[in-house]
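Survey of secondary and tertiary structure
Here's the letter readout for the chains.
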Amino acid sequence: MGRKKKKNNNNQSSANDNDKNVMNHEQEATPARFEDDNMDEVTEVSNLDESMCEFDESVIGSDKTSADYYFDSYSHFGIHEVSELHLSWSTLIILSLNMDGLVVPEMLKDVVRTKTYQNVIYKNSFLVKDKIVMDVGAGTGILSLFCAKAGAKHVYAIECSHMADMAEEIIKENGYSDAITVLKGKVEEVELPVAQVDLIISEWMGYFLLFENMLDTVLYARDKWLVNDGLVLPDKASLFLTAIEDADYKEDKIEFWNTVYGFNMSCIKKQAMLEPLVDTVDQNQIVTNCQLLKVTMDISKMSSGDASFTAPFKLVAERNDYVHALVAYFDVSFTKCHKLMGFSTGPRSRATHWKQTVLYLEDVLTICEGESIVGSMTVAPNKKNPRDVDIMVKYSLNGQRSQVSRTQYYKMRVPKHFLNARQSSSVTE
């Protein structure tokens, strides 16, 4: 069963126009969700060590990275449930990949994602026409085909998985073999037939924007091949944070482990709390404002190290309610178009395959309208496997009914067989 939906869900009907940069962080307050609860006990503790990314070895599996999951896929305790059926992350990957690392059409069928790229290219052909283009992580070659059709002088589609062979066949069948050259291999290893390119296009974004993403590969390609006045598409990305009520789902997926048929399995709960959930959040669950967490990343200028950061946040309650989790999502922008174009992966926008990233709090926060959850979030690549992401959240609430101060750690990771299919410049379409 999926996350229970609240009544009167508008289902983001206004987000069907993919030409718009769908981003709306306004919400009307709803009636109070509690009456005269007793003030929660004051706490000031951490679920792990104070030092960032140094996980408590007493939490089983906390020291594992993606590389450890090749034969240990069931170590994810259901927290990475990302499909409508809420399959475990590892199960979903097995269903999504065959032995050659081919990805099912989930991303191609993501209309928000794919249609936005198509509109950017077709409606702003001046960005592409007569230009030499590099497609980083070409996958099926759909972005390369868009560019070729828009009049690109030539497109170099780089793909390191076996999908490169399929892309070459697709390009041939559609009559673009003269306009598109598929290069099979990693961006860091391929030899390009030209010294420079005018435009780099890529769909590099991962869950939580930075999880299992190809940003470093895009930046490498930019620094090595892009002309001085060249463009990177998309060129801007922003990470946002909000807070939600999610009692039913947290009870089902986290608190369940406290007592399982009369036995204490809370050690699994500790592990489950470490792993963020990738899922679709109902917009009616949102309790606070939505805040820009990370200063907008400029892909044309940023360095690789900019993906690691500590950012403060202040989430102001828009109604009386309980808070069970923080939710992160991202927006992507193409600012060089005739008019601003892009899309949001937020809960108030039309759903994408990225969904949102839910970080459950150990505390249940009882918050009143106007009160604030203040804190900071630190994000960094895992030291053992840089495609994994370590997250530290410090938060506090000094309210009428809750006074809490805590530090929590999270770790986003993925099984090795998924990494093999999406390494540098691998399948994205």
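The name given to the chain in an unreviewed UniProt entry is Protein arginine N-methyltransferase domain-containing protein, with Dillenia turbinata as the source organism.

By the definition in use, this model includes seven salt bridges. Note that D165 and K184 form a salt bridge whose closest N and O atoms lie 3.1 Å from each other. You can see D165 sitting in helix 4 (residues 163-173) and its partner K184 sitting in strand 4 (residues 180-184), a full 19 residues away along the chain. Since its relative accessible area comes to 43%, K184 is described here as partly exposed. Its salt-bridge partner being R222, residue D223 comes within 2.9 Å of it at the nearest N-O pair. Under the relative-accessibility criterion, D223 is labelled exposed at 58%.

Turning next to the packing of aromatic side chains. Within this structure, the stated rule accounts for six aromatic pairs. Judged by centre distance (5.3 Å) and plane angle (85°), the ring pair of Y117 and F334 falls under edge-to-face. Residue Y117 is located in helix 2 (residues 111-122), and its partner F334 is located in strand 11 (residues 321-334); the two are separated by 217 residues in the primary sequence.

Moving on: the nonpolar core. Core analysis: the biggest nonpolar cluster contains 93 residues, and W204 and F208 have the highest contact counts within it. In contact with F208, other than residues within four places in its own chain, are L239, A328, F330, T357, M377, V379, V389, I391 and M412. Counting residues in hydrophobic clusters, the runner-up holds 12 residues, among them I244, Y249, I254 and V358.

Taking strand neighbours across the sheet as the criterion, the five strands line up as 4-3-2-5-6 in an open arrangement whose pairing is parallel. Bordering the open sheet on either side are strand 4 and strand 6 (226-233), each of which pairs with just one other strand. Direction aside, the axes of adjacent strands within the sheet are offset by 20° on average. As paired elements, strand 2 (residues 132-136) and strand 5 (residues 197-202) share four bridges and run parallel to each other. Note that in strand 5 the partner of V133 across the bridge is L199. Where helix 5 (residues 215-225) meets the sheet, its contacts fall on strand 2, strand 5 and strand 6, and the angle it forms with strand 6 comes to roughly 155°.

Attention shifts here to the side chain of E275. Looking at the secondary structure, you find E275 in the loop between helix 7 (266-274) and strand 8 (277-279). For E275, a relative accessible area of 2% puts it in the buried group. A distance of 2.9 Å separates a polar atom in the side chain of E275 from a polar atom in the side chain of R413.

Calculation criteria
- Residues numbered from 1 in each chain as written.
- Predicted model: local features only at pLDDT ≥ 70, side-chain atom pairs only at ≥ 80, totals over all residues.
- Heavy atoms only, no water.
- Salt bridge = Lys/Arg side-chain N within 4 Å of Asp/Glu carboxyl O.
- Helix = DSSP H or I, 4+ residues; strand = E, 2+ residues; numbered from the N terminus.
- Buried < 20%, exposed > 50% of the residue type's maximum accessible area, 1.4 Å probe, protein only.
- Phe/Tyr/Trp six-rings, centres within 6.5 Å; stacked < 30°, edge-to-face > 60°.
- Core = buried A, V, L, I, M, F, W, Y, C linked by side-chain atoms within 4.5 Å.
- Contact = heavy atoms within 4.5 Å.
- Pairing = 2+ DSSP bridges.
- Axes fitted to C-alpha atoms, helices over the stretch in contact; angles between N-to-C directions.
- Polar contact = N/O pair within 3.5 Å; in protein donor to acceptor, adjacent residues only side chain to side chain.

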